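Spelled out from the first residue to the last, the chains are:
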Amino acid sequence: MRRVVVTGLGLVTPLGGDVETSWKNLLAGKSGAGTITRFDTTDQKCTIACEVKPADHEYGFDPMKRVDHKVQRQVDPFIVYGIDAAGQALEDAGLSDMTDEQKLRAGCSIGSGIGGLPGIESESLLLAEKGPGRVSPHFVHGRLINLISGQVSIKYGLMGPNHAVVTACSTGAHSIGDAARMIRDDDADIMLAGGAESTICPIGIAGFAQARALNMSSNDAPEKASRPYDKDRDGFVMGEGAGVVVLEEYEHAKARGAKIYAEVVGYGLSGDAYHVTAPHPEGFGAFRSMEMALKKAGMTPADIDYINAHGTSTMADTIELGAVKRLFGNEIANVSMSSTKSAIGHLLGGAGAVESIFCILAIRDQIVPPTLNLDNPDEGTEGVDLVPHTAKKRAVKAALNNSFGFGGTNASLIVKAVED
Amino acid sequence: MSDSADKVKKIVVEHLGVEADKVTEEASFIDDLGADSLDIVELVMAFEEEFGVEIPDDAAEKIATVKDAIDYIEANKG
């Protein structure tokens, strides 16, 4: 069977415009949360978010590095983040200058949960105010979810599969899992895979606030708002950014002497068949998703060292934890599980990709990132190492990422240190 | 150079992300400045907005160079 490894990483997060800055700040326990600067939040119930910082910030993002000025003007920020993260990943993999033969066998699977909401909002307002003749000719293709994959394939000449997953907050994990299967099925040798999101705009914040999903009680203390597993958690903090990995067929990577971060060994998917926004109360779907990923990997819970949890800082945290405890049994004592959403917020369609990259870096550096703000662990968390407050050095050979989305969609990905 | 010409060139630089010195009056949007047909639609919209003129589709189709745009605006602005 064709094996799939990770040979390049790219990140744009509220903690940095690249992989190493984001990771360093995450391990240092920094929070990306703050008062929203992007728009006037008057009358909004939620006024905080984890924004990607501007280029002049200590850990800001400079879109001019990799994204054409004209493209930046035409597309929504989620596409800009996605193009940049894809470029970082290709550079990291030493693949930014591929041969034509390689390009025919290289594809993209970079999705988004929602797509270009800020642009849909602003162009709709323009339509209402000034009429249809003022709607941008780039309106449609500047907002479409598959246009990260489209833009990236055009920029780098990638002629293999061109795919984009849309499964709400499990998009990033599904994107990587699906792309890994494309390599396994011999559709491609190289896939850029991941997810991106940017919905910090008036209608995005209002919509999630009205759905009672966002934290609305900590507007005066943004860095304390995202507190997965804590008794006082009451909603997620919206994040934004992108995560993209280069997936590559193992022999292909070895033959060109590529640096190999990890192997994608397990991928599980399931549906809750229960409710549009609430998870199944017993975490039935989450359980089966993790179980399938383990089975595909030929692993048992004893083989997993770190879980990067979905853990959004909502009531659902303990449902996911319950499913993990049931699946892991006594092995729960040997695993570390943290939610990095405590630091970077919830990147929605980008979350699973960004968090899978954190899993890969945990394997590389033998350290697991913390769950911030876990001051008073909720009932049911006893006996589980949720890595409160500070990063923890430990052996990490294999790591699992959980990502769950509205509509009851679940994805679990397992990455592992490569063995011959 | 007229005031309109200055403004037209500024809009072109901003929308197409090209160096200001490339935006000569003879420059063709498509051949010299890297625009595609949608970029021209967007430029025409920006000219309409800036100068308060209406540029109907048949007139817009004839705007190929920076000078074409300046001339149309000079002749039609209110």
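Note that the coordinates shown come from a computational prediction; the quantities given were computed from them, not determined experimentally.

Criteria and cut-off values
Residues numbered from 1 in each chain as written. Chains lettered and ligands numbered in written order. Predicted model: local features only at pLDDT ≥ 70, side-chain atom pairs only at ≥ 80, totals over all residues. Heavy atoms only, no water. Pairing = 2+ DSSP bridges. Helix = DSSP H or I, 4+ residues; strand = E, 2+ residues; numbered from the N terminus. Axes fitted to C-alpha atoms, helices over the stretch in contact; angles between N-to-C directions. Parallel < 35°, antiparallel > 145°, perpendicular 65-115°, else oblique. Left-handed = near helix turned anticlockwise from the far one by under 90°. Contact = heavy atoms within 4.5 Å. 1 Å grid on protein atoms, 1.4 Å probe; cavity = no way out; pocket = protein on both sides within 12 Å on 5 of 7 lines; lining within 4 Å. Points joined across faces, edges and corners; volume = space filled by probe spheres on them. Nonpolar A, V, L, I, M, F, W, Y, C, P; charged D, E, K, R; others polar. UniProt positions renumbered as here; feature names shortened; annotations may be inferred. Salt bridge = Lys/Arg side-chain N within 4 Å of Asp/Glu carboxyl O. Polar contact = N/O pair within 3.5 Å; in protein donor to acceptor, adjacent residues only side chain to side chain. Buried < 20%, exposed > 50% of the residue type's maximum accessible area, 1.4 Å probe, protein only. Expected span 1.5 Å × (residues − 1).

Draft legend 1. Focus on the sheet that holds strand 10 (residues 336-338) of chain A. All names here are of chain A. Taken in spatial order, the 10 strands of this open sheet run 5-4-6-7-1-8-14-13-9-10, and their pairing is mixed. A strand with exactly one partner marks an edge of an open sheet, and here the two such strands are strand 5 (162-163) and strand 10. Both strand 8 (residues 262-271) and strand 14 (residues 409-416) contribute to a ladder of eight bridges, which runs antiparallel. In the sheet register, Val 264 faces strand 14, and the bridge partner there is Val 415.

Draft legend 2. Focus on the packing of helix 1 (residues 3-16) of chain B against helix 4 (residues 66-76) of chain B. Residues and elements named next belong to chain B. Viewed as axis vectors pointing N to C, helix 1 and helix 4 meet at an angle of 130°, and their least axial separation amounts to 10 Å. In terms of their interaxial angle, helix 1 and helix 4 are classed as oblique. For the pair helix 1 and helix 4, the crossing hand works out as right-handed. Only Val 66, Ala 69, Ile 70, Ile 73 and Glu 74 of helix 4 make contact with helix 1, whose side of the interface consists of Ser 4, Ala 5, Val 8 and Lys 9.

Draft legend 3. Structural view of the layout of surface pockets. Of the volumes computed, that of the largest pocket is approximately 640 Å³. Forming the walls of the largest pocket are 36 residues, and the residues nearest its centre are Thr 277, Pro 279, Thr 312, Thr 314 and Ala 316 of chain A. For the lining of the largest pocket, the secondary structure elements donating two or more residues are helix 10 (284-297), helix 11 (316-328), strand 13 (398-405) and strand 14 of chain A. For the lining of the largest pocket, a count of residues per class yields 15 nonpolar, 15 polar and six charged. When its volume is computed, the second largest pocket comes out at roughly 320 Å³. Along the wall of the second largest pocket there are 16 residues; nearest its centre are Val 44, Glu 48, Ile 55, Asp 57 and Ala 60 of chain B. Those elements that provide at least two residues to the lining of the second largest pocket are helix 2 (37-51) and helix 3 (57-60) of chain B.

Draft legend 4. Just the UniProt feature "domain: Carrier" (unreviewed entry) in chain B, in detail. With numbering matched to this structure, UniProt assigns "domain: Carrier" (unreviewed entry) to residues 2-77 of chain B. Span residues 2-77 of chain B is 58% helix and 0% strand, its end C-alpha atoms 13 Å apart.

Draft legend 5. Region of interest: the interface of chain A and chain B. Contacts between the two partners involve 12 residues from chain A and, on the opposite side, 13 residues from chain B. When the shortest N-O distance is used, the salt bridge between Arg 134 of chain A and Glu 48 of chain B registers 3.0 Å. For the interface between chain A and chain B, the tally reads 10 residue pairs in polar contact (both at pLDDT 80 or more). Ranked by the residues each element gives to the side of chain A that touches chain B, the list is headed by helix 2 (residues 69-74) of chain A, at four residues. Here the side of chain A that touches chain B is composed, by residue class, of two nonpolar, six polar and four charged.

Draft legend 6. Fine view of the pairing of strand 8 of chain A. Residue and element names in this part refer to chain A. Taken across its 10 residues, strand 8 has eight buried, putting it largely inside the fold. Two strands pair when backbone bridges link them, and strand 1 (residues 4-12) and strand 8 are joined in this way by two bridges, in the antiparallel orientation. Bridge pairing links Val 5 to Glu 263 in strand 8.

Draft legend 7. Spotlight on helix 5 (residues 117-130) of chain A. Residues and elements named next belong to chain A. Between its terminal C-alpha atoms helix 5 stretches 20 Å, which fits the 20 Å expected from 14 residues at 1.5 Å a residue. Residues of helix 5 that are buried include every one of Leu 117, Pro 118, Gly 119, Glu 121 and Glu 123, and no others. Looking at the buried positions of helix 5, the neighbouring elements they touch are helix 8 (202-210). Where helix 5 terminates, the next one or two residues include Gly 131, which has phi positive at roughly 95°.

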